[in-house]
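# Topology and contacts: notes
The residues making up each chain are set out below.
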Amino acid sequence: MKNLRYYLRPCYRVMALGLAVKSVGTFLELLLPRLLTDIIDIHVPAKDTNEIIRSMAMMFIFATLACIMNIFANRNAAGVARDVTRNIRHDLFDKTLYLANDKTDAFTIPSLESRLTSDTYHVHRMIGMLQRMGIRAPIITIGGIVMTFIIDPRLAVAFLAIMPFMAFLVYVRVAKGVPLFAFVQKASDKMVTVVRENTQGIRVIKALSRTAYERDRFNHANEDLRGQEIHANRIMSLINPMMNLFLYAGMIIVIVFGAYLVDKGLSKAGKIIAFMSYFQMISRSFMAVGRMFIMYSRGMASSDRIMEILNTKTEKDFVVGKHAKGDPSYALEFNHVTFSYLKVKDNLKDINFRMRKGESLGIIGATGSGKTTILSLLMRFYDVDKGNIFVDGIDVRDLDITQLRQMFSIVAQNDFLYGGSIRENIMFGRELGEDRLQQALLDAQASDFIETMEDGLEHMLAIRGSNLSGGQRQRVLLARALAKKPSILILDDSSSALDYATDARLRKALRQNYSDVTRIIVAQRVSSIQACDQIIVLDHGEISGIGTHGELMESNSLYREISDSQMGGALLE
């Protein structure tokens, strides 16, 4: 189980050095009021100029050294916080990439984004603050109290009487702070969700004139976050004034009692001045402790959220099992596969089909019938509840997940393009030759529109390819999938934005140039799949019919109904 100490451990030596330097610098600061006491109470009355100069020089040297040491220690603390947070953020992003889909669904994308950004920021601030104040505050507090006892035990006892009240307030701050700020972060997740949905769907929102409605949704989420922030900060903000109240009450007691002792000749003015200096140092230290624990509360709440992700098993942790073997003469086989997302109602039920290498399979059915779910199970985004999925006779659960995924190229239903050139989006970090790239563009029917652009393949795309039309985006995505000839090619509704003529040319290119590739095509148009070797008709998660286009036209009423409704498009080749 990873926790924050796991990431701090490599920095222990650097932290120890910084804390040691910080400690020495703080001890030097504690000596300054003591030297001032000697100057006022001993050297000035004795008119010993040499001792006065010597003590003042020592004060200057100590103050300078303390300043230099504190600067060094603070820079050291900032470096540790930076490095630790960088490592946490790196591991968190890596973990997010490899989370199993069911875990991603459970955490939600906005929550993962929030943990990568605001939560790591809170942890960064906490680590830096704990190093800067975690050693200084206790030394100042304990050392200051010790020095006050050395100077005048009677005044120190009067001041010490308020310490239990201060300790209680610090305890309350810690006990209440962590859960309160955990609720704040959850409210922040909800607001991020609304923002993310709105930024992704801004065009639809404007087109449907729903900006006022979405503004109200955001306001509701924002008000919820505001309410949680107010509730947390209201409780936390009560503590500082109460600490001030006790501190100033102690100061009043010290001043009154000290004045009485000086008046009676039982103490000296220098001691009272030094005592007040220590009192100010201790007061500031306690205030810093208060701020530190607020930051600690937020940091630990964020750390718990981060470690929840880091301690979650991912696809890297999948254990290769020993399941039944399939028939190796088939490239792909679904054997009585049943699956449910929520484990309440089956989304797929008893799915059976086989494909030999180089064959093509078309899948058609109504929205929500389970078409994309079949693809998700094949690529092991989820694991089946019952049955087996075999690739070349091996259960997908017995294959290394990276080895399995490398067999596929896919154009997903909701695929993405990132901000970069068309070339970069197609290459996708792979080492592909120029000939392979150009062939993929031709097969994907993308060459024509790219050649019309002034900068061609170097044309820069906006995020999600929003400066391309829907058909152009799909052709770039197709080129990316075809650029590396896979064992299995998956096209999930990847030609829905293409006109019938372009779609027909694409299908022809796939038949001619990818005849050795096993192809799975999910489509809403019968024309896109009618030439496939097999066609599956899905209805509410079950196979309603399976066969060629001609066989289904005779035997399956649902397929025939779909085909008849699209007859004009189906005949166009």
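Residues numbered from 1 in each chain as written. Predicted model: local features only at pLDDT ≥ 70, side-chain atom pairs only at ≥ 80, totals over all residues. Heavy atoms only, no water.

### Section: the overall build of the chain
Counting secondary structure elements, the chain contains 21 helices and twelve strands. Taken against the 2.2 N^0.38 rule, which gives 25 Å for 573 residues, the C-alpha radius of gyration of the chain at 35 Å runs more than 25% over that of a compact globule. Pairs at least 24 apart in sequence give 76% of the contacts found in the chain among residues at least 6 apart. Surface accessibility of the chain: about 28,700 Å² in total, with carbon and sulfur atoms responsible for 59%. (Helix = DSSP H or I, 4+ residues; strand = E, 2+ residues; numbered from the N terminus. Rg over C-alpha atoms; globule rule 2.2 N^0.38 Å. Contact = heavy atoms within 4.5 Å. Areas by Shrake-Rupley, 256 points an atom, 1.4 Å probe, with all protein chains shown as cover.)

### Details of the confidence of the model for the chain
Of all residues in the chain, 97% attain a pLDDT of 70 or more, and the chain-wide mean is 85. Model confidence for the chain, summarised as mean pLDDT per element, is weakest for helix H21 (residues 567–570) at 48 and strongest for strand E1 (residues 332–339) at 95. Below a pLDDT of 50 lies the segment residues 569–573, which in the model reaches ten contacts outside its immediate sequence neighbourhood of four places, other chains included. (pLDDT = per-residue confidence, 0-100.)

### Some thoughts on the sheet that holds strand E9 (residues 488–492)
Either a parallel or an antiparallel arrangement is found when strands of a sheet pair, and the pairing is made through backbone hydrogen bonds. Strand order in this open sheet of six strands is E6-E9-E10-E3-E11-E12, and the pairing throughout is mixed. Edge positions in the open sheet fall to strand E6 (408–411) and strand E12 (542–547), since each of these has one partner strand only. Within this sheet the neighbouring strands show an average axis-to-axis angle of 15°, counted without direction. Where helix H17 (residues 470–482) meets the sheet, it contacts E6 and E9, and its direction lies at approximately 180° from that of E6. (Pairing = 2+ DSSP bridges. Axes fitted to C-alpha atoms, helices over the stretch in contact; angles between N-to-C directions.)

### Topic: the packing of aromatic side chains
As enumerated under the stated definition, the model contains seven aromatic pairs in all. Measuring from ring centre to ring centre gives 4.6 Å for Phe334 and Phe353, while their planes differ by 15°; the resulting arrangement is stacked. Of the two residues, Phe334 is situated in strand E1 and Phe353 in strand E2 (residues 348–355); the sequence distance between them amounts to 19 residues. Taking the relative accessible area as the measure of exposure, Phe334 reaches 2% and is therefore buried. A ring pair is formed by Tyr341 and Tyr382, whose centres lie 5.2 Å apart and whose planes are at 90°; its orientation type is edge-to-face. In this pair, Tyr341 is assigned in the loop between E1 and E2 and Tyr382 in the loop between helix H12 (371–378) and strand E4 (386–391), connecting sequence segments 41 residues apart. Its relative accessible area of 34% is what places Tyr341 among the partly exposed residues. (Phe/Tyr/Trp six-rings, centres within 6.5 Å; stacked < 30°, edge-to-face > 60°. Buried < 20%, exposed > 50% of the residue type's maximum accessible area, 1.4 Å probe, protein only.)

### Notes on the sheet that holds strand E5 (residues 394–395)
With respect to topology, four strands assemble into an open sheet ordered E2-E1-E4-E5, the strand pairing being antiparallel. Each edge of the open sheet carries a strand with a single partner, namely E2 and E5. Sheet topology places E1 next to E4; five bridges connect them, and they run antiparallel. The residue of E4 that forms the bridge with Glu333 is Phe390. H12 rests against E1, E2 and E4 of the sheet, and its axis sits at about 115° to E1.

### Structural notes on the side chain of His459
Along the polypeptide, His459 turns up in the loop between helix H16 (447–451) and strand E8 (460–461). Taking relative accessible area as the criterion, His459 reaches 19% and is therefore assigned buried. At a separation of 3.2 Å, a polar atom in the side chain of His459 contacts the side chain of Asp455. Residues in contact with His459, not counting those within four places in the same chain, are Gly420, Ser421, Ile422, Met453 and Asn467. (Polar contact = N/O pair within 3.5 Å; in protein donor to acceptor, adjacent residues only side chain to side chain.)

### As for the pattern of salt bridges
As enumerated under the stated definition, the model contains 19 salt bridges in all. Glu214 is the salt-bridge partner of Arg217, the closest N and O atoms lying 2.9 Å from each other. Residue Arg217 and its partner Glu214 are located together in helix H10 (residues 211–263), separated by three residues, close to a single helical turn. Using a relative accessible area of 28% as the deciding quantity, one classes Arg217 as partly exposed. (Salt bridge = Lys/Arg side-chain N within 4 Å of Asp/Glu carboxyl O.)

### Here's the deal with the nonpolar core
Counting residues in each nonpolar core, the largest one holds 41 residues, and the members touching the most others are Ile364, Ile422, Ile426 and Leu441. If you list the elements that add at least two residues to this core, you get helix H14 (422–427), helix H15 (434–443), H16, H17, E9, helix H18 (500–513), strand E11 (534–539) and helix H20 (557–565). Among the elements that take part in this core, H17 stands out by supplying six residues, more than any other. (Core = buried A, V, L, I, M, F, W, Y, C linked by side-chain atoms within 4.5 Å.)

### Some points on H15
Those residues of H15 that fall on the buried side of the exposure criterion are Leu437, Ala440, Leu441 and Asp443. One side of H15 holds all its buried residues, which, seen down the axis, span an arc of 165°. Exposed residues pointing more than 90 degrees away from the buried face of H15 are listed as Asp435 and Leu442. Buried residues along H15 sit in contact with H14, H16, H17 and H18. (Arc of directions from axis to C-beta.)

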